[in-house]
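What the coordinates show
Given next are the chains, with one letter for each unit.
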Amino acid sequence: MARLTDYRVLTFDCYGTLIDWESGIWDALQPLILRNGRADVAREPALEAFARFESRHQQETPVRRYPDVLARVHRSVAESFGLETSAELDAAFGASVPHWPAFPDTADALRVLQRRFRLVILSNVHRDGIAASNRKLGVEFDAVYTAEDIGSYKPADANFEYLLAHVKADLGMDRADILHTAQSLRHDHAPANRFGLANAWIDRQRLSEGGGWGATGQVDTRPATDFVFFSLREMADALTTIQREPESSVAVLNRPDVTE
């Protein structure tokens, strides 16, 4: 059975895993809802509409920067609920990523994980968005790869090909060293399975217990996962527990630039 200490690199999805994008999305939809006086528009249906339209627009225009994708998603969501929008409202939604909050457990958990692993982000968001979010995450990542760098959006194969090539070139790590850590089954765990990557599911929506999909695109068949945690804090706590075991039972795979 795989152990967390079998790996040297954690490659993260950011939004939905480290950043609470559902709260950010819902907050950013409020000007549209208020302008239309539509208190009947509920959070879950709005997030589900976001998931549908984000997937569609990313597939149709894979080289479009994420703020422009979001602006088009906003207009599509508005139309699906019969809401009147404007170019200004669409653009404001597109520019909302820097305001999306981190999950309360993220920064502390990342600091624990960074003591043992190299940390990498593979995100569908643009460089400026990641830079703004990174200031909320409490650590310096060893590498950050975005859809803007790659020219396509997850779950496209190109994003994971880019990840593997650059983790090797930039960090000197191989596929077997990587534990891909993410919330989205569709964007991350399905392609991780295709590429033979070990994976840890941060199941913040508790889908494994029947929770809702929210802003995450659905999959018909659940991909295989090596680990399941309900928060990043649970993952960090699991690592801490392993490290307290007798030294002979734990693989020595510390970050090469960290002395414990």
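Residues numbered from 1 in each chain as written. Predicted model: local features only at pLDDT ≥ 70, side-chain atom pairs only at ≥ 80, totals over all residues. Heavy atoms only, no water.

Here we come to the sheet that holds strand E3 (residues 143–146). Taking strand neighbours across the sheet as the criterion, the 6 strands line up as E3-E2-E1-E4-E5-E6 in an open arrangement whose pairing is parallel. The sheet terminates laterally at E3 and strand E6 (227–229), the two strands that pair on one side only. Across this sheet, the average inter-strand angle for adjacent strands is 20°, counted without regard to direction. Here 4 bridges tie strand E1 (residues 9–12) to strand E4 (residues 178–182), and the two strands are oriented parallel to one another. In the sheet register, Val9 faces E4, and the bridge partner there is Ile178. On the sheet, helix H8 (residues 157–171) packs against E1, strand E2 (118–123), E3 and E4 and is oriented at approximately 150° with respect to E2. (Pairing = 2+ DSSP bridges. Helix = DSSP H or I, 4+ residues; strand = E, 2+ residues; numbered from the N terminus. Axes fitted to C-alpha atoms, helices over the stretch in contact; angles between N-to-C directions. Contact = heavy atoms within 4.5 Å.)

Below, the discussion takes up helix H9 (residues 185–194). Among the 10 residues that make up H9, 7 are buried, leaving the element largely enclosed by the rest of the structure. Among the residues of H9, Leu185, Arg186, His187, Asp188, His189, Pro191 and Ala192 are the ones counted as buried. On its buried side, H9 packs onto helix H2 (43–60), H8, E4 and strand E5 (198–202). Capping the start of H9, Ser184 holds a side-chain oxygen 3.4 Å from the backbone nitrogen of Arg186, two or three residues further along. Backbone geometry just after H9 places Gly196 at a positive phi near 70°. (Buried < 20%, exposed > 50% of the residue type's maximum accessible area, 1.4 Å probe, protein only. Polar contact = N/O pair within 3.5 Å; in protein donor to acceptor, adjacent residues only side chain to side chain.)

What follows is about empty space enclosed by the protein. Considering all chains together, one arrives at 1 cavity of 30 Å³ or more under this definition. The calculated volume of the largest cavity comes to roughly 120 Å³. What lines the largest cavity is a set of 15 residues, and nearest its centre among them are Asp13, Tyr15, Trp21, Glu54 and Asn124. Within the lining of the largest cavity, the residues separate by chemical class into 4 nonpolar, 7 polar and 4 charged. (1 Å grid on protein atoms, 1.4 Å probe; cavity = no way out; pocket = protein on both sides within 12 Å on 5 of 7 lines; lining within 4 Å. Points joined across faces, edges and corners; volume = space filled by probe spheres on them. Nonpolar A, V, L, I, M, F, W, Y, C, P; charged D, E, K, R; others polar.)

Judged by how many residues are buried, E4 sits mostly within the fold: 5 of 5 residues are covered. Across 4 bridges, the pairing between E4 and E5 is parallel. Paired with Ala182 across the bridge in E5 is Trp201. Crossover handedness for the path E4 to H9 to E5: right-handed. (Right-handed = clockwise from strand over helix to strand, strands pointing away.)

Phe12, Tyr66 and Met235 are the most contacted members of the largest nonpolar core, which totals 57 residues. Ranked by residues supplied to this core, first place goes to helix H1 (residues 21–36) with 7 residues. What Met235 contacts, discounting residues up to four positions off in sequence, is Leu4, Leu10, Leu113, Leu179, Thr181, Ala200, Ile202 and Phe229. Of all hydrophobic cores here, the second largest spans 16 residues; its members include Ile150, Ile178, Phe195 and Leu197. (Core = buried A, V, L, I, M, F, W, Y, C linked by side-chain atoms within 4.5 Å.)

The next subject is the environment of Leu185. Counting through the fold element by element, Leu185 comes out in helix H9. A relative accessible area of 3% places Leu185 in the buried class.

With that out of the way, let us pick up the packing of helix H5 (residues 106–114) against helix H10 (residues 232–243). Running from N to C, H5 and H10 point in directions that differ by 30°, and their axes come no closer than 8 Å. Taken together, H5 and H10 sit at an angle that is classed as roughly parallel. In terms of crossing hand, the pair formed by H5 and H10 is left-handed. The residues of H10 that touch H5, namely those facing Thr106, Asp108, Ala109, Leu110, Val112 and Leu113, are Leu232, Arg233, Met235, Ala236, Leu239 and Thr240. Of the residues assigned to the contact of H5 with H10, the class counts are 8 nonpolar, 2 polar and 2 charged. (Parallel < 35°, antiparallel > 145°, perpendicular 65-115°, else oblique. Left-handed = near helix turned anticlockwise from the far one by under 90°.)

One pass over the structure, following the stated rule, counts 18 salt bridges. Across the pair Arg127 and Glu148 runs a salt bridge, and its minimum N-O distance is 3.2 Å. Note that Arg127 is positioned in helix H6 (residues 127–134) and Glu148 in helix H7 (residues 147–150), a separation of 21 residues in sequence. Relative accessible area serves as the criterion here: at 27%, Glu148 is assigned to the partly exposed category. Between Asp237 and Arg233 there is a salt bridge, and its shortest N-O distance comes to 3.3 Å. Within this pair, Asp237 and its partner Arg233 are both found in helix H10, separated by 4 residues, close to a single helical turn. (Salt bridge = Lys/Arg side-chain N within 4 Å of Asp/Glu carboxyl O.)

In short, the description is geometric, and any link to function would need to be established separately.
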